[in-house]
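A structural walkthrough
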Amino acid sequence: MENSVKETKAQKSERLKRAMNPWDGLAEIRRFAREGFDSIPAEWIGTYFRWWGVYTQGDGAGVVGGKDGQGRALPFFMVRIRIANGLLRSDQLRAIANLTQRYARSTADLTVRQNIQLHWVTIEALPEVLEELWRVGLNTMGSCGDVTRNITGCPVAGVDADEICDASPLALEADRMLAGNAEFYNLPRKFKISITGCRVWCPYPEINDVGLTALQRVVRGKSETGFALRVGGGLSTEPYLGAPLNAFVRWNQVLPVVRGVAELFRDSDQLREHRERARLKFLFLRHGWTVHDFQSELERRIGFRLDPAEPEQPPADVYRDHIGIHPQKQPGYCYVGATVLRGRITPEQMHAAADLAERFAGGELRTTNMQNLLIVNVPRIQADDLAKELGAIGLPVSGSPFWRGAVACSGTEFCKLAITETKSFSRWLVEELEERLPGFDQHLKLHVTGCPNSCGQHWIADIGIEGKKIKVNGQMVDAYYFCLGGALGLHQSIARPVGYRCPASEVPEAIERLLRRYLADGTPGENLRRFFARHSDTDLRNFLAGEFVEPVARDLPEGRVPSGVEG
């Protein structure tokens, strides 16, 4: 008798992708809706639905109680709506609000890739949800799965008074080129692109597979706008900041370059051998590629040489959230940025925001990478009134650094891979810190992620906390592990795991101790990043604990890496 060889996760995934382009399966989705959840085969539940921005929700316990590194699923779906460059009209937001009320138990979240995702959607409702989105020019295709994810850009493109250029037309055209294109339905894993013309790099090009940032050069006395190019950025359990290529990408070269990198990724068979090491960054981390190798292969594919890179000006320690009232390049107009705490937004807030965008402006809104919502083209004389109205619906344009800087992933409430609950915890944490440190006025990125996969992007936060479980009085409880000092831009750095972990209930006290130490010992003008940088892991761990404690390991899992989440 021959011994059967068990199919690996990567082999199974590749087999299923070769067998079918999920974007050809709309008729199947409609059949499932007619016949009910039990008619859906395993390959759709575990793989194909993701290409439609859809995957099953967990049972509220997260990874606990499941098997093979994944928790139990309910017969309900998360549906992620693709919003390229974060550009959103009031009628579109109103349509999302209506769908959220009718089909999603009034539960929606803004994500860290400028998407909006709904929860509690049934298979019976899914076709109508998709069709209603199509009617207003929105779709979900490619919001999950081994495809090009939502293409991010500066949410104030075209109105930013200090932008180098409005790069949103390039982001939208790249989105049209890749999303739903059968040539790119079968990539090794998720593929993330950021294209921005702003000076503060607000869509985080450093953590994208392709990051294009605008800059200008002078050639024979004439100014020309082009882009610097980074490749291979990504977070998850093994963070890697994008590698700059020696390239100046002209405006008319952007789309061929984006397509060329996508083709290079698609054709990298070595990345298909392990699901855990299938992102573009692993060409550098595991397969010995250099930036020279990458650029040579890219230029061979696109058929032309790229000009040498021009000097960049990465943003220094700046906040990239666009919250507040800011003048636009258009005289007499402002954009107004409202905070959406931990990204959770109600249908009532969406309806109200859409109405306000029409009353005070031209009905144009924007979503941001920090899970917030903006209204643009507001007459300056009406901006303060709009800000008051937004505050009245629970979307303030100002607030504490804790409220403004909080980011949270889905957590165990909906994610089958999460270890801890994050959304309610984040709200409680913010409220606790506001009460404990009412005068704190420093910019602070406080990111909460429910597992090591970093969907909450804890690696790039001032204070990033990663979900764990620990035993307290014989019971397993939610806990968090601290990573400090993450930054992007001029002083980019992955947050340092400092060896401190505590129950979730003790997190506010630990952060209070840390920030009080910063307020007491920080030098004049020293921000948190610099304060953390000049202290050792031992110092920071002891500041958090309030006493000397031995370091603890992060306990990295060896299990399944998610396909459908944002990290």
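Residues numbered from 1 in each chain as written. Predicted model: local features only at pLDDT ≥ 70, side-chain atom pairs only at ≥ 80, totals over all residues. Heavy atoms only, no water.

The next thing to look at is the packing of aromatic side chains. Working definition: an aromatic ring pair is given by the centre-to-centre distance plus the angle between the planes. The final tally for this structure, using the stated rule, is 21 aromatic pairs. When the ring of Phe191 is compared with that of Phe265, the centres are 5.3 Å apart and the planes differ by 20°; the resulting orientation is stacked. Taken together, the residues Phe191 in the loop between helix 6 (168–178) and strand 6 (193–196) and Phe265 in helix 7 (residues 254–266) connect sequence positions 74 residues apart. The burial state of Phe191 is the same as that of Phe265; both residues are buried. In textbook terms, an aromatic cluster arises when at least three aromatic residues are bridged by ring pairs, as seen for Phe32, Phe37, Trp44, Tyr48, Phe49 and Phe77. Lying across the ring of Phe76, Arg105 places its NZ or CZ 5.0 Å from the centre. We note Arg105 situated over the ring of Trp120; from NZ or CZ to the ring centre the distance is 3.9 Å. (Phe/Tyr/Trp six-rings, centres within 6.5 Å; stacked < 30°, edge-to-face > 60°. Helix = DSSP H or I, 4+ residues; strand = E, 2+ residues; numbered from the N terminus. Buried < 20%, exposed > 50% of the residue type's maximum accessible area, 1.4 Å probe, protein only. Lys NZ or Arg CZ within 6 Å of the ring centre and 35° of its normal.)

Now for the packing of helix 10 (residues 347–360) against helix 11 (residues 380–392). Axis separation between helix 10 and helix 11 bottoms out at 11 Å; the angle between their running directions is 170°. Looking at the two axes, helix 10 sits roughly antiparallel to helix 11. Between helix 10 and helix 11, the contacting residues are Leu356, Arg359 and Phe360 on the first element and Gln382, Asp385, Leu386, Glu389 and Leu390 on the second. For the contact of helix 10 with helix 11, the residue count by class is four nonpolar, one polar and three charged. (Axes fitted to C-alpha atoms, helices over the stretch in contact; angles between N-to-C directions. Parallel < 35°, antiparallel > 145°, perpendicular 65-115°, else oblique. Contact = heavy atoms within 4.5 Å. Nonpolar A, V, L, I, M, F, W, Y, C, P; charged D, E, K, R; others polar.)

A few words now on the pairing of strand 1 (residues 54–58). The element strand 1 is extensively covered by neighbouring structure, given that five of its five residues are classed as buried. Note: strand 1 against strand 2 (residues 73–81), four bridges, orientation antiparallel. Following the sheet pairing, Val54 is matched in strand 2 by Val79. (Pairing = 2+ DSSP bridges.)

Considering the arrangement of structural elements, one finds His447 in strand 16 (residues 446–449). A polar contact is formed between the side chain of His447 and the side chain of Lys445, at a distance of 3.1 Å. Setting aside its immediate chain neighbours within four residues, His447 contacts Gly405, Val407, Gly456, Gln457, His458, Ala461, Ile463, Gly464 and Ile465. (Polar contact = N/O pair within 3.5 Å; in protein donor to acceptor, adjacent residues only side chain to side chain.)

The next point concerns the nonpolar core. Core analysis: the largest hydrophobic core is formed by 62 residues, its most contacted members being Phe49, Trp52, Leu93, Ile96, Ile116, Leu118 and Ile375. If sequence neighbours within four positions are ignored, Trp52 has contacts with Pro22, Trp23, Leu26, Ile29, Trp44, Leu130, Trp134, Thr140 and Met141. Among the nonpolar cores identified, the runner-up in size contains 40 residues, and Ile193, Val210, Leu229 and Phe265 belong to it. (Core = buried A, V, L, I, M, F, W, Y, C linked by side-chain atoms within 4.5 Å.)

The next subject is the sheet that holds strand 11 (residues 333–338). Taking strand neighbours across the sheet as the criterion, the five strands line up as 3-13-14-11-10 in an open arrangement whose pairing is antiparallel. Of all the strands in the sheet, just strand 3 (87–89) and strand 10 (324–327) have a single pairing partner and so form its edges. When strand polarity is set aside, the average angle formed by the axes of neighbouring strands in this sheet is 30°. Examined bridge by bridge, strand 3 and strand 13 (residues 364–367) share three bridges and lie antiparallel to one another. Residue pairing for strand 13: Arg89 is matched across the bridge by Glu364. Each of strand 3, strand 13 and strand 14 (373–379) is contacted by helix 4 (residues 90–103), which is oriented at about 80° to strand 3, the strand it contacts most. Relative to the sheet, helix 11 contacts strand 10, strand 11 and strand 14, its axis offset from that of strand 14 by approximately 150°.

Between two packed helices, the angle of one axis relative to the other and the distance separating the axes together describe the packing. Contact pair helix 6 / helix 7: the axes reach a minimum separation of 10 Å and the direction vectors enclose 40°. Taken as axis vectors, helix 6 and helix 7 run oblique relative to one another. In the packing of helix 6 onto helix 7, the handedness of the crossing is right-handed. Together, Leu170, Glu173, Ala174, Met177 and Leu178 of helix 6 and Val254, Leu255, Val258, Arg259 and Ala262 of helix 7 make up the contact between the two elements. Partitioned by chemical class, the residues of the contact of helix 6 with helix 7 number eight nonpolar, no polar and two charged. (Left-handed = near helix turned anticlockwise from the far one by under 90°.)

Reading across from one edge, 6-7-8-9 is the order of the four strands in this open sheet, with mixed pairing throughout. Either end of the sheet is taken by a strand with one partner, and the two such strands are strand 6 and strand 9 (243–250). Strand-to-strand twist in this sheet, taken as the mean axis angle between neighbours without regard to direction, amounts to 30°. As paired elements, strand 8 (residues 222–231) and strand 9 share five bridges and run antiparallel to each other. Its bridge partner being in strand 9, Val231 is matched across the sheet by Ala243. Lying on the sheet, helix 9 (residues 291–302) is in contact with strand 8 and strand 9; it crosses strand 9 at an angle near 30°.

This next bit is on the environment of Val254. One can find Val254 in helix 7. Remark: the alpha-carbon pair of Val254 and Thr196, spanning 58 residues in sequence, is separated by 11 Å. Residues in contact with Val254, not counting those within four places in the same chain, are Leu170, Ile195, Leu212, Phe227 and Val249.

Our next topic: the side chain of Asp175. Counting through the fold element by element, Asp175 comes out in helix 6. For Asp175, a relative accessible area of 12% gives the class buried.

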